[in-house]
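The lines below spell out each chain.
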Amino acid sequence: MRSTAATDRYDLADAAPEAAVKAADRAHVFHPWAAQDLIDPLAVAGAEGPYFWDYEGRRYLDFSSGLVYTNIGHQHPRVVAAIQEQAARLATFPPSFAVDVRSEAARLIAERTPGDLDRIFFTNGGAEAVENAVRMARLHTGRAKVMSAYRSYHGATSTAINLTGDPRRWPSDTASAGVVHFWAPFLYRSAFYAATEAEECERALRHLRDTVAFEGPDTVAAIVLETVPGTAGIMPPPPGYLAGVREICDRYGIVLILDEVMTGFGRTGAWFAAEHHDVVPDLLTFAKGVNGGSVPLGGVAVSREIAATFARRPYPGGLTYSGHPLACAAAVATIRVMEDEKVVERAADLGASVLGPRLRELAGRHPCVGEVRGLGAFWALELVRDRETREPLVPYNASGAANTPMAAFAAACKASGLWPFVNMNRTHVVPPCTVTDAEVEEGLAALDTALTVADTYTAGA
C-alpha cells in the first residue's frame with residue numbers, strides 16, 4: 001500500500017520522500033525518552049484502521065494502537081470529518097467561554113463516567129489530567145501527601161512523573177514532591193508471598209493500610225491508582241482490591257483518584273475499567289481513547305463533593321487550550337462512533353472470545369511465555385528465561401546488550417509486519433478495539449514467529 005497524500009504536505013525538493021522526512025527529523029526533532037544520536041525513527045507515510053505504512057509501502061499491523069489510544073483505529077472517517085467541519089466553523093476559542101462542542105463533549109463524557117463524576121475539567125493530555133487531579137485533591141483536603149503504586153505510570157510532568165513507579169521517574173525524582181509509593185497487588189511477582197488471588201488482595205490491602213497508618217492518615221490527600229496498570233504490565237487487580245482501597249479512603253477522608261488515561265473509553269471492554277469493580281472514585285483522569293489521539297485531549301471527571309469545594313472558591317489552575325474545539329469535536333465524533341458501532345461491546349468480546357483464548361494457546365507452545373493476563377483489548381505476555389523460576393527474559397530496566405532478547409523479539413515482529421508494544425520483559429497486545437478476527441489472526445501469526453525467536457533465549461534452549 002502506498003500513499004502520496006502525506007508527502008504532498010512537505011517540500012521534499014529533489015530528495016526521496018522517506019530520506020527527506022528522516023533528514024528533517026534528525027536535524028530538528030528532539031524525541032522523548034531517547035538518546036537522540038542512538039535512534040532511527042521509522043518514517044510513516046500514512047495510516048488507516050489498524051494499519052500504518054512507510055514510504056516504501058511496507059505495511060504494519062498496529063498492535064500498539066499508537067501509544068494505546070487509537071481505540072477505533074487510525075483515521076476514522078467520521079472523526080476526520082468532524083475535525084474538518086469544526087475547523088471551518090470555529091477552530092479555537094478560549095476555555096473561559098461556553099462553546100457548544102465543548103459542552104457536548106463534557107456531557108457525553110459525564111454520561112459515561114461512573115457515579116456522580118458529572119463535571120469535566122479538560123486538559124491537553126493524561127499527565128496534565130493527573131497533575132490537576134492531585135492539585136484538586138490537595139486543595140479539597142488541605143493535605144500534602146499523595147500515595148501511588150510501584151509498577152505504575154502516570155505521565156511525565158512534574159507531579160505525574162514523581163507519582164510514576166517505574167524507572168522513568170528516577171532521573172526526575174527530587175524526593176520533594178510529597179509522594180509515597182506502595183506495592184499494589186501482582187500475584188505473578190507477589191511482594192507478599194501470596195499463593196492465591198485472595199491472599200494477594202488481602203495482603204496488599206493490609207500493606208496499604210499499614211502504609212497509610214505509618215505515614216499519618218491526616219497527612220494523605222489522595223491515593224492515585226491506574227485502575228488496571230498499563231505500561232507497567234497490564235495487571236488487572238484481584239476481586240475486592242479496589243473496593244478495599246475505596247474503603248480505606250472513605251475511612252480516612254482520602255481522595256481516591258483512578259487513572260483511566262489508558263483504560264478508558266472501551267479499552268477493557270467497558271467505558272471505564274472501574275465498572276468491572278463497581279467502584280466510584282472521587283476523581284477520574286482520562287485522555288487517549290476519548291478521541292483516539294486525533295487532537296490532544298485529556299481531562300478530570302470531578303465528583304459533586306469536590307466540585308462543590310470550588311463553587312465559590314476559584315480553582316487555581318487552567319490551560320490555554322483546555323477543551324479545545326477541534327479536540328472536543330473529535331471526542332464527540334469518537335464517542336458517537338463507539339456507540340453506533342458498539343465498540344465497547346466488541347472490545348469485551350474480543351478479549352473473552354478471541355484474544356484471551358488465542359494468547360493462552362500461544363503461551364502453551366512457547367516456553368518464553370510465563371504468564372498471559374488482560375481483558376478486553378488490553379493484554380500482556382510476560383516473557384521469561386525460565387517458567388519455573390520466573391526469571392525475566394531480560395533484567396529489570398535492561399538496555400544495550402542486556403536487552404538483546406527483547407530487541408530480537410521486537411525485530412522479528414516488525415519483520416513479519418507486526419508493530420508491537422514492548423516494555424522491559426513484556427509485549428503488550430493492545431490493538432484497536434475495532435480490529436477484526438481475521439486481523440487478530442494475522443497479528444497472532446506474526447507474534448507466534450517472534451515468540452519462537454524469544455524461545456531461543458530461554459533456559460532450556
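Cut-offs and rules
Residues numbered from 1 in each chain as written. Predicted model: local features only at pLDDT ≥ 70, side-chain atom pairs only at ≥ 80, totals over all residues. Heavy atoms only, no water. Pairing = 2+ DSSP bridges. Helix = DSSP H or I, 4+ residues; strand = E, 2+ residues; numbered from the N terminus. Right-handed = clockwise from strand over helix to strand, strands pointing away. Phe/Tyr/Trp six-rings, centres within 6.5 Å; stacked < 30°, edge-to-face > 60°. Buried < 20%, exposed > 50% of the residue type's maximum accessible area, 1.4 Å probe, protein only. Lys NZ or Arg CZ within 6 Å of the ring centre and 35° of its normal. Core = buried A, V, L, I, M, F, W, Y, C linked by side-chain atoms within 4.5 Å. Polar contact = N/O pair within 3.5 Å; in protein donor to acceptor, adjacent residues only side chain to side chain. Contact = heavy atoms within 4.5 Å.

(A) Region of interest: the pairing of strand β6 (residues 179-182). As paired elements, strand β5 (residues 145-149) and β6 share four bridges and run parallel to each other. Note that in β6 the partner of V146 across the bridge is V179. In this view, the connection linking β5 to its parallel neighbour β6 by way of helix α7 (residues 158-163) has right-handed handedness.

(B) The arrangement of the packing of aromatic side chains in detail. Applying the stated criterion to the full structure yields 13 aromatic pairs. Taken together, a centroid distance of 5.0 Å and an interplanar angle of 65° make the contact between F265 and F272 edge-to-face. Take F265 and F272: they sit in the same class, and that class is buried. An aromatic cluster is defined as three or more aromatic residues linked by ring pairs; in this entry it consists of F265, W271, F272 and F286. Directly above the ring of W33 sits R168, whose terminal nitrogen or CZ lies 5.2 Å from the centroid.

(C) Fine view of the nonpolar core. With 70 residues, the main nonpolar core has L359 and L447 as its most contacted residues. Residue contributions to this core peak at eleven residues, all from helix α11 (residues 325-340). One finds F182, A184, L242 and V279 within the second-largest nonpolar core, a separate group that totals 24 residues.

(D) Quick peek at the environment of E361. Here E361 lies in helix α12 (residues 343-365). The spatial distance from the C-alpha of E361 to the C-alpha of E18 is 39 Å, given a sequence separation of 343 residues.

(E) Local environment of the side chain of N291. Among the structural elements, N291 can be located in the loop between β9 (283-286) and β10 (298-302). Reaching out from N291, the side chain makes a polar contact with the backbone oxygen of A327 at a distance of 3.2 Å. Not counting residues within four places of it along the chain, the set of residues in contact with N291 comprises L297, A327, A330, A331 and T334.

Don't take any of this as a statement about function, it's just geometry.
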